[in-house]
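Summary of structural features
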Amino acid sequence: MIERNFKLLTVVTESALENELTEVLDRLGASGYTIVNARGRGSRGVRDAGWSTSSNIRVEVICDALMAEKIADYLQEHFYRDYAMVVFVSDVGIMRPEKF
Amino acid sequence: MIERNFKLLTVVTESALENELTEVLDRLGASGYTIVNARGRGSRGVRDAGWSTSSNIRVEVICDALMAEKIADYLQEHFYRDYAMVVFVSDVGIMRPEKF
Amino acid sequence: MIERNFKLLTVVTESALENELTEVLDRLGASGYTIVNARGRGSRGVRDAGWSTSSNIRVEVICDALMAEKIADYLQEHFYRDYAMVVFVSDVGIMRPEKF
């Protein structure tokens, strides 16, 4: 009932990027995402504004390994230089995998 | 100090299900759960209301593999057809495992 | 692009501990953390106040295995007896690992 071999990709970034990020996820073909408000401290990006105590979001996407790679590559190319952003990926088993 | 072989079961579903879901978790014997408010987009369930931009919750349960299977089976049987719901499971190591 | 062998350490605990906990993380050398507000039910700590329906936080730290062990040990020694606290660790791959 639980099927392995899926990925959970998590992006923690600035709240201001929410619309742009979800448009990117839609465009790349992600089947869905879950967003929660967050706060925190992290490495500063190149922008001086930094990240400390700023308003963040934590966005999760369940997908296969290929899509995870595709999303991660896109984010690295388009956002990583200019925004505070952390992306991490873990292995998950999911129920009803035909939804993804 | 960190003991492997536990499961982190995560349920993302409609906020309206919170009370019913936590009652189910209590009844099935889960030792606890963590809930955060979320938003997002996902596959529509059978119900027309769908899921888009609705208010969601993200519920986490730490348990052993047997309990994870039990909870997942119950949710699949009782909620999956009629509600927007995603369930995924990952492997975690926990501290002070005697609490679970 | 995704580099394996990192740890995601998650702490779920009482909101009242937020400042103390983030000071500990800074002091121990964590490169950052992400905090979300949470609620839930869990095993009661030694304190009578317990945990039920209290206001919680969920704090995530990405780090290497050594740092995860260091943080977990510190939390176990200094907080576990007196506070409602759950700590769990999972394996993650991260992008741009030079930030951590």
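To be clear, the structure that these remarks concern was listed above.
This write-up is about the structure you can find in this document.

Calculation notes
- Per chain, residues are indexed from 1 in the order of the written sequence.
- To label them, take the chains in the order written and letter them from A, then take the ligands in the order written and number them from 1.
- With pLDDT at 70 or above as the cut-off, local features in this predicted model cover only qualifying residues; side-chain atom pairs require 80 or more to be listed or tallied, and sums for whole chains, interfaces and linings still use all residues.
- Excluded from the side-chain calculations are hydrogens and water; all other atoms, namely the structure's heavy atoms, are used.
- Helix axes are fitted to C-alpha atoms over the stretch in contact, other axes to C-alpha atoms as well, and angles between N-to-C directions run from 0 to 180 degrees.
- Starting at the N terminus, helices and strands are each numbered in turn, a helix being any DSSP run of H or I of at least four residues and a strand any DSSP run of E of at least two.
- Note that the term roughly parallel is reserved for angles under 35 degrees, roughly antiparallel for angles over 145, roughly perpendicular for angles of 65 to 115, and oblique for everything else.
- Throughout, a crossing is termed right-handed when the near helix is turned clockwise from the far one, and left-handed when it is turned anticlockwise from it by less than a right angle.
- Should any heavy atoms of two residues lie within 4.5 Å, those residues are counted as being in contact.
- Here the buried area means the combined drop in accessible surface, using a 1.4 Å probe, for two parts upon being joined, counting both sides.
- Definition used for salt bridges: Asp or Glu carboxyl oxygen within 4 Å of a side-chain nitrogen of Lys or Arg.
- Polar contact is the term for a pair of N or O atoms within 3.5 Å; when the atoms are in protein, one must be able to donate a hydrogen and the other to accept it, and sequence-neighboring residues count only if both atoms are side-chain atoms.
- Think of it as three bins: nonpolar holds Ala, Val, Leu, Ile, Met, Phe, Trp, Tyr, Cys and Pro, charged holds Asp, Glu, Lys and Arg, and polar takes everything else, Gly as well.
- Two strands qualify as a pair provided DSSP detects at least 2 bridges between them.
- Least squares is used to superpose the copies, and the fit set is the C-alpha atoms of residues whose pLDDT is at least 70 in both copies.
- Expected helix span is computed as 1.5 Å times (number of residues minus one).
- Relative accessibility thresholds used throughout: buried, under 20% of the residue-type maximum; exposed, over 50%; partly exposed, between the two (1.4 Å probe, protein chains only).
- Arc definition: it is the arc formed by the directions from the helix axis to the C-beta atoms.

Digging into the packing of helix H1 (residues 18-28) of chain C against helix H2 (residues 65-78) of chain C
All names here are of chain C.
- Where H1 contacts H2, the axes come no closer than 11 Å and their chain directions differ by 140 degrees. One finds that H1 runs oblique with respect to H2. Of the two elements, H1 crosses H2, and the hand of that crossing is right-handed. From H1, Leu-21, Val-24, Leu-25, Arg-27 and Leu-28 reach across to H2, where they touch Met-67, Lys-70, Ile-71, Tyr-74 and Leu-75.

Concerning the interface of chain A and chain B
- Each side of the interface is counted separately: chain A has 26 residues, and chain B has 27 residues.
- A combined buried area of about 2100 Å² lies between chain A and chain B, and 49% of that area is made up of carbon and sulfur atoms.
- At the boundary of chain A and chain B, one finds 4 salt bridges.
- Between Asp26(A) and Arg41(B) there is a salt bridge, with its nearest N and O atoms 2.8 Å apart.
- Applying the counting rule to chain A against chain B returns 10 residue pairs in polar contact (both at pLDDT 80 or more).
- When grouped by side-chain class, the residues that make up the side of chain A that touches chain B number 13 nonpolar, 5 polar and 8 charged.
- Examined bridge by bridge, strand E2 (residues 33-41) of chain A and strand E2 (residues 33-41) of chain B share 3 bridges and lie antiparallel to one another. Note on E2(B): the bridge partner recorded for Thr34(A) is Gly40(B).

Notes on the relation of the copies chain A and chain B
- With an RMSD of 0.0 Å, chain A superimposes on chain B once it is rotated by 120 degrees and translated 0.0 Å along the axis. Look at the turn and shift together and you get a three-fold axis relating the two. No C-alpha of chain A approaches the rotation axis more nearly than that of Val36(A), which lies at 4.4 Å.
- Mapped onto chain B, only 15% of the interface residues of chain A are again interface residues, and the two copies thus contact each other with different surfaces.

A few points about the relation of the copies chain B and chain C
- Overlaying chain B on chain C yields an RMSD of 0.0 Å, the required transformation being a rotation through 120 degrees with an accompanying axial translation of 0.0 Å.
- When the interface residues of chain B are mapped onto chain C, a mere 15% of them again lie at the interface, so each copy presents a different face.

Observations regarding H2(C)
- A rise of 1.5 Å per residue sets the reference length of H2(C), with its 14 residues, at 20 Å; its end C-alpha atoms lie 20 Å apart and thus fit the reference within 8%.
- Turning to H2(C), its buried residues number three or more, namely Met67(C), Ala68(C), Ile71(C), Ala72(C), Tyr74(C) and Leu75(C). Buried residues of H2(C), seen end-on, are gathered within an arc of 160 degrees and therefore sit on one face of the element. Turned more than 90 degrees away from the buried face of H2(C) sit Leu66(C) and Glu77(C), all of them exposed.
- Buried residues belonging to H2(C) abut strand E1 (2-14) and strand E4 (85-95) of chain B together with strand E1 (2-14), H1, strand E3 (55-63) and strand E4 (85-95) of chain C.

A few points about the side chain of Arg58(C)
- Among the structural elements, Arg58(C) can be located in strand E3.
- Relative accessible area serves as the criterion here: at 5%, Arg58(C) is assigned to the buried category.
- Separated by 2.8 Å, the side chains of Arg58(C) and Glu60(C) make a polar contact.
- Those residues in contact with Arg58(C), other than ones at most four positions away along the chain, are Arg58(A), Arg58(B), Glu60(B), Thr10(C), Val11(C), Val12(C), Thr34(C), Ile35(C), Val36(C), Ala38(C) and Phe88(C).

Considerations on the interface of chain B and chain C
- Each side of the interface is counted separately: chain B has 26 residues, and chain C has 27 residues.
- Buried area between chain B and chain C, summed over both chains or domains, comes out near 2100 Å², and the portion from carbon and sulfur atoms is 49%.
- Where chain B touches chain C, the interface holds 4 salt bridges.
- The closest approach of N and O atoms between Asp91(C) and Arg4(B), which form a salt bridge, is 3.6 Å.
- Along the contact surface separating chain B from chain C lie 10 residue pairs in polar contact (both at pLDDT 80 or more).
- Every element with two or more residues in the side of chain B that touches chain C is listed here: E1, helix H1 (18-28), E2, strand E3 (55-63) and E4 of chain B.
- Of the residues assigned to the side of chain B that touches chain C, the class counts are 13 nonpolar, 5 polar and 8 charged.

Structural notes on the pairing of E2(B)
- As paired elements, E2(B) and E3(B) share 6 bridges and run antiparallel to each other. Note that in E3(B) the partner of Ala38(B) across the bridge is Asn56(B).

Examining the pairing of E3(C)
Residue and element names in this part refer to chain C.
- Of all 9 residues in E3, 8 are buried; the element is thus mostly enclosed.
- Pairing between E1 and E3: 8 bridges, direction antiparallel. What sits directly across from Thr-13, in E3, is Ile-57.

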